[in-house]
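Report on the structure
What follows is the residue order along each chain.
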Amino acid sequence: MLFLVAALLLLGTVLGTVAHAPLSFTLVAAAVIAVWLLVFAVRERHGRRRHTSAH
C-alpha cells in the first residue's frame with residue numbers, strides 16, 4: 001500500500017512538472033524515452049532468443 005501511495009505521489013509530481021514545461025521539451029523528452037524503451041525491448045528480445053536457443 002505504501003508503494004502505491006509513493007508511486008501516485010511521484011506520478012503527480014512528474015505530471016505537474018510536464019504541465020509547466022514547454023511543449024517542445026515535453027515532446028523531445030517523450031521521444032527520448034520512447035527510443036530508450038524500444039532499444040531496451042529489442043535487447044531483451046534478442047537476449048532471450050539467444051539464451052533460449054543455446055540450451
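In short, a report on the structure. Counting from 1, residues in each chain are numbered in the order their sequence is written. Local features are withheld for residues below a pLDDT of 70 in this predicted model, meaning they are given only at 70 or higher, and side-chain atom pairs are given and counted only at 80 or more; totals for whole chains, interfaces and linings count all residues. Computation of side-chain values covers all heavy atoms of the structure but excludes hydrogens and water.

1. Quick look at the overall build of the protein chain
Condition: Put simply, DSSP H or I for four residues or longer makes a helix, DSSP E for two residues or longer makes a strand, and each gets a number counted from the N terminus. Accessible areas in this description were obtained via Shrake-Rupley with a 1.4 Å probe; residue shielding takes into account the shown protein chains only.
Summing up its helical and strand segments, the protein chain has 2 helices and 0 strands in all. Here the protein chain displays about 5400 Å² of accessible surface, and carbon together with sulfur accounts for 76% of that area.

2. Looking at a nonpolar patch on the surface
Using the following cut-off: Any residue with relative accessible area above 30% and no salt bridge may belong to a patch, with like charges joined within 9 Å and the nonpolar Val, Leu, Ile, Met, Phe, Trp and Tyr side chains within 5 Å. Here, a salt bridge means any side-chain nitrogen of Lys or Arg that lies within 4 Å of a carboxyl oxygen of Asp or Glu. Whether a residue is buried, partly exposed or exposed follows from its accessible area with a 1.4 Å probe, protein chains only, as a fraction of its type maximum: under 20%, in between, or over 50%, in that order.
A cluster of nonpolar side chains, Met1, Leu4, Val5, Leu8, Leu9, Leu11 and Leu15, forms an exposed patch at the surface whose accessible area comes to about 760 Å². Within the fold, Val5 resides in helix α1 (residues 2-20). Judged by its relative accessible area of 39%, Val5 is partly exposed.

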